[in-house]
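In case you want the letters, here they are:
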Amino acid sequence: MLAVPEMDLQGLYIGSSPQRSPVPSPPASPRTQESCGIAPLTPSQSPKPEARGPQQAPFSVVVAIDFGTTSSGYAFSFASDPEAIHMMRKWEGGDPGVAHQKTPTCLLLTPEGAFHSFGYTARDYYHDLDPEEARDWLYFEKFKMKIHSTTDLTLKTQLEAVNGKKMPALEVFAHALRFFKEHALQELREQCPSLLEKDTVRWVLTVPAIWKQPAKQFMREAAYLAGLVSREDAEQLLIALEPEAASVYCRKLRLHQLVDLSSRAPGRGCLGERRSIDSSFRQAREQLRRSRHSRTFLVESGVGELWADMQAGDRYVVADCGGGTVDLTVHQLEQPHGTLKELYKASGGPCGAVGVDLAFEQLLGRIFGEDFITTFKRQRPAAWVDLTIAFEARKRTAGPHRTGALNISLPFSFIDFYRKQGGHNVETALRKSSVNFVKWSSHGMLRMSCEAMNELFQPTVSGIIQHIEALLERPEVQGVKLLFLVGGFAESAMLQHAVQAALGARGLRVVVPHDVALTILKGAVLFGQAPGVVRVRRSPLTYGVGVLNRFVAGVHPPDKLLVRDGRRWCTDVFERFVAAEQSVALGEEVRRSYCPARPGQRRVLINLYCCAAEDARFITDPGVRKCGALSLELEPAEGGPDAAGMPPGRREIRAAMQFGDTEIKVTAVDVSTNRSVRAAIDFLSN
């Protein structure tokens, strides 16, 4: 069936052979210089997708940056020994009793907007500023969630500092990434003085799997601005999906490196120093084939009940519980190479540890008044940061079986500010409030009962469990017996207990790696060394373009009929490139060929549409929206007929799109010259 892409056209060619006739654009179409005409040289149905292995650029070292909502860090490994992962140096500062292998995602800029510091240094310096002086400094924390929550994300999106001042989000993220780049390169130079930065470092940035394409592109643009890589060397930067990175790492773990929450002890049985989960899967399968009493054999041979219950353990769920989101993925371990296949598209939502912080802020609003808390945050931003730090320290000690109350220090400026604003002291406010499980201690602290702390956790923890249970109901996930609980929030005893209590009854074994907060970071390094390890992914959305098809009475709605030069066309047809939940292999290509509408045309611009449904028919259907644009930058055509015998202006541009990677990618070739055409998909320009 003939299909013609629908755009804001000055003119386009249609037909299935080089002898096309020009068709004028509809009278109502806007005419802009940036718009351009195209005509497909392939029919409406895609040719069979072609799988092509990704081209790997040479590199000497992989540096992964785990850019988290609440904490961030980097790690690296050399290509000569890819599984020897080097963690970043211990960070200066920090809280007593907390490991400093990551640093808080806190950025401090001077009143003029220049970079000052990041992490513990930024937090501590801001803490020590005079209250009046602090009001002029720009302090950002937990700002990663802004990229997830913004529905109209662009390169001009603004972020608000704690003092209310705004700054372009792209600059804020670039400052943070530049900080990690400089620290990592300095450490690499000290370890390997002969290392040259250019063309030798592959960078990996982690993002939640549930992030949409605009957010992923935003992180890439921030990396360009930070100088991690140049646009010309875009392949030196990989975007890693956080639960995927965790999965890549977890499949390498030995059983003594895991905690089985059903027993609250390391997994029974020991695999030895060189036996990973990978190898245990393979050996378990072999024994399953040979042994009548396979489960008994697995347990007695030291593999343990954990893997015996998995029936050779080839499928599992990864629940990445971080500061901002819960991110879920389901993988099947493929033999014999140990590659991973995604069984269901990434799912989850904004149910991270910051939800507990928000609940605490709401609790303070119930006690002291929401208006007061808003005013205090704006006029005493550094003191508010102090209060959140004090709460974070107590939040980490909360547990399901704790019986004693928790004391939270209130900064003196909070107590003084409330007395001046409210006309009475905080103790009076607590007595008058309806919150009877928070008291004022004689030591000048908020004294929270364990029930009060449990109540703060409950909405977020329940949200996480609901997301996991919804995933387990999917037919693609039936029979899965194992769940890896990873991420910074997975350290919480409250979360661990709740997940095990809810899911253990379903026969699901919940395990936690010992280094649970570093699982994603270490996995991102391994992913950077072998990005082909995730061989098959599921498309989260349906993607395609709007086209004109020949109108078929009784099939197409009458209101879609367009008559041009006596020909009857159906407008707004949604031509699908890939369907939601479709399995797409790494390197698999969807190809389309296009022809410029005008001689000398320098740019082809094609609107992309997406939706969650698999069966959308028209780009005007509910849920279908414009999500981006495919652009092809053309070199001037040489005069006279080209190598294919086509007259000037009738050039075939063959575009190949890949939907099986962590980002949607496109390449293009001018068929007449066999030269590459600059091609890109922009998800950030509205």
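This one's a predicted model, so the numbers in the text were calculated from it and none came from an experiment.

Digging into the sheet that holds strand E11 (residues 115-118)
Read from one edge of the open sheet, 3 strands run E11-E10-E12, paired in antiparallel fashion. The open sheet terminates on both sides in strands that have one partner only, identified here as E11 and strand E12 (138-141). Averaged over neighbouring strand pairs, the angle between their axes works out to 15 degrees when direction is ignored. Of the pairings in the sheet, the one linking strand E10 (residues 106-109) to E11 comprises 3 bridges and is antiparallel in character. Looking at E11, one finds that Leu109 is bridged to Phe115. Here helix H4 (residues 169-191) sits on the sheet and contacts E10, E11 and E12; the angle it forms with E11, its principal contact strand, is near 65 degrees.

Observations regarding the pairing of strand E29 (residues 561-564)
Taken together, the 4 bridges between E29 and strand E30 (residues 567-578) define a ladder with antiparallel strand orientation. Residue pairing in the sheet places Leu562 in a bridge with Trp569 of E30.

Overview of the pairing of strand E19 (residues 315-321)
Here E19 lies mainly inside the structure; 6 of its 7 residues are buried. Alignment of E19 against strand E20 (residues 326-334), held across 7 bridges, turns out to be antiparallel. Bridged to Asp320 within E20 is Asp327. Counted between consecutive antiparallel strands, the loop separating E19 from E20 contains 4 residues. Both E19 and strand E25 (residues 482-486) contribute to a ladder of 4 bridges, which runs parallel. Counted as the bridge partner of Val317 is Leu483 from E25.

Let's talk about helix H15 (residues 450-472)
Because each turn of an α-helix spans 3.6 residues, side chains separated by three or four positions in sequence point in the same direction. Here H15 spans 31 Å end to end across 23 residues, near enough to the 33 Å set by a 1.5 Å rise per residue. At Gln458, H15 shows its maximal kink, close to 40 degrees; a proline, Pro459, follows between one and four residues later.

Observations concerning the packing of aromatic side chains
All chains considered together, the criterion is met by 27 aromatic pairs. Through a chain of ring-to-ring contacts, three or more aromatic side chains come together here, namely Phe368, Phe372, Phe376, Phe414, Phe417 and Tyr418. Its end group placed over the ring of Trp211, Lys144 keeps NZ or CZ at 5.6 Å from the ring centre.

Let's talk about the nonpolar core
Counting 150 residues, the largest nonpolar core has Phe140, Trp203 and Leu485 as its most contacted members. Here this core gets 12 residues from one element, more than from any other, and that element is H4. Excluding residues within four positions of it along the chain, Trp203 makes contact with Val63, Ile65, Lys181, Ala184, Leu185, Leu228, Val229, Gln236, Leu237 and Leu238. Judged by nonpolar contacts, the second largest core, of 32 residues, contains Ile606, Leu634, Ile653 and Ala655.

Describing the packing of H4 against helix H5 (residues 213-226)
In helix packing, the relevant descriptors are the interaxial angle and the interaxial distance, both defined with respect to the helix axes. Following both chains from N to C, one finds H4 and H5 inclined at 60 degrees, their axes separated by 8 Å at the closest point. In terms of axis orientation, H4 runs oblique to H5. You can see that H4 and H5 cross each other, and the crossing is right-handed. Together, Ala169, Leu170, Glu171, Phe173, Ala174, Leu177, Arg178 and Lys181 of H4 and Phe218, Met219, Glu221, Ala222, Ala223, Leu225 and Ala226 of H5 make up the contact between the two elements.

Focus on the sheet that holds strand E23 (residues 438-440)
With antiparallel pairing, the 3 strands of this open sheet are ordered in space as E22-E24-E23. A single partner strand is all that each edge strand has here, and the edge strands are strand E22 (406-409) and E23. Strand-to-strand, the axes of this sheet are offset by a mean angle of 30 degrees, without reference to chain direction. Note that E23 and strand E24 (residues 445-448) share 3 bridges and pair antiparallel. Looking across to E24, one finds that Val438 is bridged to Met448. Against the sheet, helix H10 (residues 354-368) touches E22, E23 and E24, its axis set at about 110 degrees to E24. Strand contacts of H15: E22, E23 and E24, with the helix running at about 80 degrees to E24, the strand carrying the most contacts.

Description of the pattern of salt bridges
Using the criterion set out here, one finds 32 salt bridges in the structure. A salt bridge links Arg537 to Glu244; the nearest nitrogen and oxygen atoms lie 2.8 Å apart. Remark: Glu244 occurs in helix H6 (residues 242-250) and Arg537 occurs in strand E27 (residues 534-538); sequence separation between them is 293 residues. Judged by relative accessible area, Arg537 falls into the buried class, the value being 4%. The salt bridge involving Glu575 is made with Arg592; its shortest N-O contact spans 3.4 Å. Note that Glu575 is positioned in strand E30 and Arg592 in strand E32 (residues 588-596), a separation of 17 residues in sequence. For the pair shown, Glu575 and Arg592 are each scored as buried. Among the charged side chains, a salt-bridge network with shared partners connects Lys142, Asp357, Glu392, Lys395, Arg396 and Glu491.

Quick word on the confidence of the model for the chain
Low-pLDDT stretches of the model should not have their predicted coordinates read in fine detail. With 80% of its residues at a pLDDT of 70 or more, the chain shows a mean pLDDT of 82. Element-level pLDDT for the chain is lowest in strand E3 (residues 21-23), with a mean of 31, against a maximum mean of 97 in strand E16 (residues 237-241). Contacts for the low-pLDDT stretch residues 7-49, under 50 throughout, to residues beyond four places or in other chains number 107 contacts. Residue range residues 291-295 is modelled with pLDDT below 50. Its contacts to residues more than four positions away, or to other chains, number 5 contacts.

Criteria and thresholds
- Residues numbered from 1 in each chain as written.
- Predicted model: local features only at pLDDT ≥ 70, side-chain atom pairs only at ≥ 80, totals over all residues.
- Heavy atoms only, no water.
- Pairing = 2+ DSSP bridges.
- Helix = DSSP H or I, 4+ residues; strand = E, 2+ residues; numbered from the N terminus.
- Axes fitted to C-alpha atoms, helices over the stretch in contact; angles between N-to-C directions.
- Contact = heavy atoms within 4.5 Å.
- Buried < 20%, exposed > 50% of the residue type's maximum accessible area, 1.4 Å probe, protein only.
- Expected span 1.5 Å × (residues − 1).
- Bend = angle between axes of the 7 residues up to and from the residue.
- Phe/Tyr/Trp six-rings, centres within 6.5 Å; stacked < 30°, edge-to-face > 60°.
- Lys NZ or Arg CZ within 6 Å of the ring centre and 35° of its normal.
- Core = buried A, V, L, I, M, F, W, Y, C linked by side-chain atoms within 4.5 Å.
- Parallel < 35°, antiparallel > 145°, perpendicular 65-115°, else oblique.
- Left-handed = near helix turned anticlockwise from the far one by under 90°.
- Salt bridge = Lys/Arg side-chain N within 4 Å of Asp/Glu carboxyl O.
- pLDDT = per-residue confidence, 0-100.

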